[in-house]
Amino acid sequence: MEFLVASAIGILTSGGIYLMLRLRTFPVILGISLLTYAVNVFLFASGRLTTGAPPILRDGIETYADPLPQALVLTAIVISFGMTAVVVMIGLGAFLGSDDDHVDDQPEAETNTAAVKDAPEARS
Amino acid sequence: MSLFFIVALPFFGSLLPGLMNSAGRSATAGVTFTVSLAAFVGILTNLPTILAGDVVLAPVDWMPMLGLNFTLMLDSLGFFFALLILGIGLLIIAYARHYLSRDDNMGQFFAYLLLFQGAMVGIVLSDNILLLLVFWELTSLSSFLLIGYWKHLPEGRQGARMALTVTGMGGLAMIGGMLILGQIVGSYDLSVILQNRDLIQADPMYVPALILILLGCFTKSAQFPFHFWLPHAMAAPTPVSAYLHSATMVKAGIFLMARMWPVLSGTPEWFMIVTTAGLITMVLGAVIALFKHDLKALLAFSTVSHLGLITMLLGTGTAFGAMAAMFHILNHATFKAALFMSAGIIDHEAHTRDIRLLGGLRKLMPVTFVIATLAALSMAGIPLLNGFLSKEMMLEEANHTVLFNAVWLVPVMATLGSLFSAAYCFRLIGHVFLGPVRDDYPAKPHDPGTGLWLPPALLVVLVVVIGIAPFLAEPFVKLVTASVLGDAAEVPKAYFKIWHGLVPALYMSIVAVVGGLIMLAVFKPSLRFWDAVPRPEAKPIFEALIEGAAKLARAVILPLHNGSFSRYAAIATVVMVSVGYHAWTTGTMSATTRIMQPAGLVPIAGWLMLVAATIGMVFLHRNRLLSLILIGIVGLMVSIGFVFFSAPDLAMTQFTVEVVTIILLLLALNFLPNKTPVESSVLRRVRDTGVAIIGGLATFALSYHYMLRDAVSSPISEFHLANSYKGGGGTNVVNVILVDFRGFDTYGEIIVLGIAALLIYALTETLLGGPVRARLLNRKPDQARAGDMHPMMMVVMTRVIMPVVLMVGFYIFLRGHNEPGGGFIAGLIVSIGVVMQYMASGFGWASARLKYPYHGVIGAGVLIAGLTGIGSWFVSKPFLTSDFTYARIPPFEKFELATAALFDLGVFLAVVGAVMLSLESFSRLARLASEPSSDHPMDIDPSRDDAVAPDLVSSGKEAV
């Protein structure tokens, strides 16, 4: 089980990093979202894996999952929604303002060709 | 008056001129004058203590662990300088009121001036050297503002930048020196440091500390080779020049040398560095000054020269030298401020400061003539004026100083400096005031109003009084000298007299004055010679140095930091992984303590789905809609994983967040292109794959490693589990941690969430107000539109289940303390319920039924949470201490009442507000881009004018 979770974290990270290194805003945002999953699961796993023992106190039960990482990850999930929303807004604003959804500034000449290349897609 | 008030007055007072700006120029100047006067009187109230030879101390611990205490000290040296700063400041304020024109923003000017004044007073009153450094940097910053006050002049901006660069660099060096000094002594308090002369001078770090501190002093006081910034700072308005370069800014370096004199002076290093620098500066400044045609440039270089003189005197390391230096500081401040103000008057009236265009002003401006001539003669060292007295003392001291084993060197150089000094003073008088009246002045010069000539006149009265009756100044100067010397030496017995008999100093003085007159006589040929000789210009050299530094920085930084996000991300990933790898290989690894748990069929199936979705995303990410669906699968699998691993709260949060995130991304995708084109080269994709795999392997290895080992020490979760019910009154430990144990964290988090939502709202507003608006209005949708934007099934369905959703949210909220749930999750659930209305019935319909704006909901949430926290203050408990009790209303079971529930309500509202505000902002963009659709889907309202018909025809292309 530990292997499954660890490899899932690794694969999510890999996918996240690869998409984060793309040139357009949308895949980069998705990449960051994947990384967020990876980080959240990673933090959560720092409480070690426990099945069938949620941290809800019950009489006569002694073992519980570690509640602290859960509390931290809970707020992390909500905050990451706020962050994603801000990043999406910035990316969207940049695209609407310049008709270009590149993450990096394009050299002058390339910007024009890129805009031409994008234009049909935007209107298709 | 307390020293704190004296230092604080100018700082707080600097808020006033700006406020008074609209009340008129006199009111602005008046309020500034009053603030300065109050501080001046405050200093004077300490006079009896100072005269008694005592020291006023006002200590307050600020950061005692760092040795940084806000300790102020007033001894006679500080008193002397504070008096100069505030006294001359008063005259400058009065003068500036009349000098500045109507176009200048006077409130701004006086605000800067008071800031500067406060920083200067802070320097001279600091007892802690770290505090002194703070004020030191403040003078650099505020003088930057003052020098660059005329922002429209390029010279002003360049001069200000140069002054800031040079004095700022010096300040950095000085921080180093002061820290070393503090390390040697073990205290940063001046009163302690000054007692440890032997300890400091015996330390091997003495020389580095000395050099670093002197760098600070020399840059500030414009000593060779850092003298070049001062003349360029002359682009400032004249009141600033008069203030900064007579009594304050440039004297700060001198002050510090005097302050540190007891512990730093007397060593060969001090003597060699300080005396040499002072001597060179004195002669060089005087020679350059003679050949300057700009009146203020002449005065600037003469200031450089006189600062050199004072530095040289301090450098000799004798008590007599220190006394002469103190006396000259006083004299220089009086005549130089008067001269600067006179130069300002001439500039103001004749509209030029070029000496070549002036002459014969004696008849046209008799008052200014008398003031400037007396001040200039004093500077030249003519008897019966104060400059003569201190110059005699300087020559006397020079006569006894032997540098580089050459008996003649210092006396000859000193005489030479005095000679040129006399020459430029004579030139100032001769070429500006004497000679025939010309008829080609840029403006007809005449004496100014009282407001302009009275301040310099007052100073000239001092010049003459001290010059005729030096015994009046003698006790005070000796008192100051005693404070400079500390325990290091006795105050010299020598008296201040005009006539000392036929001593060598007198002959040197005569040589200087006569030589000065001869220099003036042969000025024309020597000017031709001067112009013919090539000399290095400081400004191009300085600019080349700056350019070189910038180039170097660019060469180092640009390859790594070229503005490309992908590059940063790749570099950051590789660096993080390699640092982790380094730790991995050099650290020790413990044996595994946990056994791997067996994985059943279901977890493996979930894992397969997650991995497949992730890999699918990587390969299919060019199809954006598809990748959005895939990321939904990933999120779903993560949520299910949370359920499986005993984290129901997390699963519920992740699941609901997933829903709103997907909606958000869909809204964005509405505008963005649907496909990502292939742009990166194969090589680049291989590189990115490599980086990604390395990063993935690293996180895999790290998490796999620690999941198989127990924590090194027992986690604090034991405490939370043990106290959740006893202390927090809840059985859902995760929720109790959120709203109770770590409530303050949560409070911060909902604020961050609120700020993020407001940021999105602000960005939307900006977009909608700018050129994007037109673009959106003209936009043609790039997707096929639905024929029916508000399908009846969906509208009815969402409206019917709305109360159910709200009830579920309420239930989740209430049970949160004891069962999975709570404010976060309830907030997300309710948000989804509301979003459904937007989606089904349209933006207009939903907005019309919205009673409270979402900003208000966020604010209310944060406020409720904050007030809950503050509530605990009323029972003398720290912020956010929670309490709970059990209550029973007869027909129901006993139930719990906890303040934490109120806090959770705040969380709930903040989450609802933030999520809804974000989504609403996106929708507004979309709404603008589509044809306005029906605002009344499925509504029949007979009172409406446009009746039912248009509603049933689905003409809309509403995107939401």
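Since we're looking at a predicted model, the values are computed, not measured. (Residues numbered from 1 in each chain as written. Chains lettered and ligands numbered in written order. Predicted model: local features only at pLDDT ≥ 70, side-chain atom pairs only at ≥ 80, totals over all residues. Heavy atoms only, no water.)

Student: Account for the overall build of chain A, with residues named and values stated.
Tutor: Helix and strand content of chain A: four helices and zero strands. Written out in order from the N terminus, the α and β elements of chain A read α-α-α-α. The 124 residues of chain A split such that 66% are buried. Taking as baseline every contact in chain A between residues at least 6 positions apart, the subset at least 24 positions apart corresponds to 49%. As presented, chain A carries roughly 4,400 Å² of accessible surface, and 64% of it is formed by carbon and sulfur atoms. (Helix = DSSP H or I, 4+ residues; strand = E, 2+ residues; numbered from the N terminus. Buried < 20%, exposed > 50% of the residue type's maximum accessible area, 1.4 Å probe, protein only. Contact = heavy atoms within 4.5 Å. Areas by Shrake-Rupley, 256 points an atom, 1.4 Å probe, with all protein chains shown as cover.)

Student: I'd like to hear about the overall build of chain B, residue by residue, with values.
Tutor: Secondary structure assignment for chain B yields 42 helices and six strands. Over its C-alpha trace chain B gives a radius of gyration of 39 Å, far above what one expects of a compact globule, namely 30 Å for 960 residues. Structurally, chain B occupies a C-alpha span of about 115 × 70 × 70 Å along its principal axes. In chain B, of all internal contacts separated by at least 6 residues, the share reaching a separation of at least 24 is 79%. Of the accessible surface of chain B, which amounts to about 40,500 Å², a share of 72% is contributed by carbon and sulfur atoms. Taken as two groups, the 57 positive and 55 negative side-chain charges of chain B have centres that lie 8 Å from each other. (Rg over C-alpha atoms; globule rule 2.2 N^0.38 Å. Lys, Arg positive; Asp, Glu negative; His and termini not counted. Charge placed at Lys NZ, Arg CZ, Asp CG, Glu CD.)

Student: Break down the interface of chain A and chain B for me, with residues and values.
Tutor: Contact residues are listed per partner, giving 87 residues for chain A and 112 residues for chain B. Contact between chain A and chain B buries roughly 9,000 Å² in total, counting both sides, with carbon and sulfur atoms accounting for 75%. At the junction of chain A with chain B, the criterion picks out four salt bridges. Linking chain A to chain B there are 27 residue pairs in polar contact (both at pLDDT 80 or more). Residue assignment for the side of chain A that touches chain B shows that the elements contributing at least two residues are helix 1 (2-20), helix 2 (25-45), helix 3 (67-98) and helix 4 (108-123) of chain A. (Buried area = accessible area lost by both parts, 1.4 Å probe. Salt bridge = Lys/Arg side-chain N within 4 Å of Asp/Glu carboxyl O. Polar contact = N/O pair within 3.5 Å; in protein donor to acceptor, adjacent residues only side chain to side chain.)

Student: Break down the pattern of salt bridges for me, with residues and values.
Tutor: Under the definition given, this model contains 16 salt bridges over all chains. The salt bridge partner of Glu-679 of chain B is Arg-24 of chain A, with a shortest N-O separation of 2.9 Å. Of this pair, Glu-679 of chain B sits in the loop between helix 31 (648-669) and helix 32 (682-707) while Arg-24 of chain A is found in the loop between helix 1 and helix 2, placing the two residues in two different chains. Looking at Glu-679 of chain B, the relative accessible area reads 27%, which means it is partly exposed.

Student: Let's hear about helix 21 (residues 386-399) of chain B: which residues, and what values?
Tutor: For helix 21 of chain B, with 14 residues, the first-to-last C-alpha span of 20 Å sits near the 20 Å given by 1.5 Å per residue. Counting buried residues in helix 21 of chain B gives 12 out of 14 residues, a clear majority hidden from the surface. (Expected span 1.5 Å × (residues − 1).)

Student: Before we move on, could you go through the nonpolar core and cite the residues and values that matter?
Tutor: Membership of the largest hydrophobic core comes to 201 residues, with the highest contact counts inside it found for Trp-229, Leu-264 and Met-326 of chain B. Per element, the largest residue contribution to this core is 21 residues, and it comes from helix 18 (residues 319-350) of chain B. Excluding residues within four positions of it along the chain, Met-326 of chain B makes contact with Leu-77, Phe-80, Ala-258, Leu-314, Val-477, Val-480, Thr-481 and Val-484 of chain B. Formed by 128 residues, the second largest nonpolar core is a distinct cluster that contains Leu-12 and Leu-30 of chain A together with Ala-647 and Ala-846 of chain B. (Core = buried A, V, L, I, M, F, W, Y, C linked by side-chain atoms within 4.5 Å.)

Everything listed here is a matter of geometry and, on its own, says nothing about what the molecule does.
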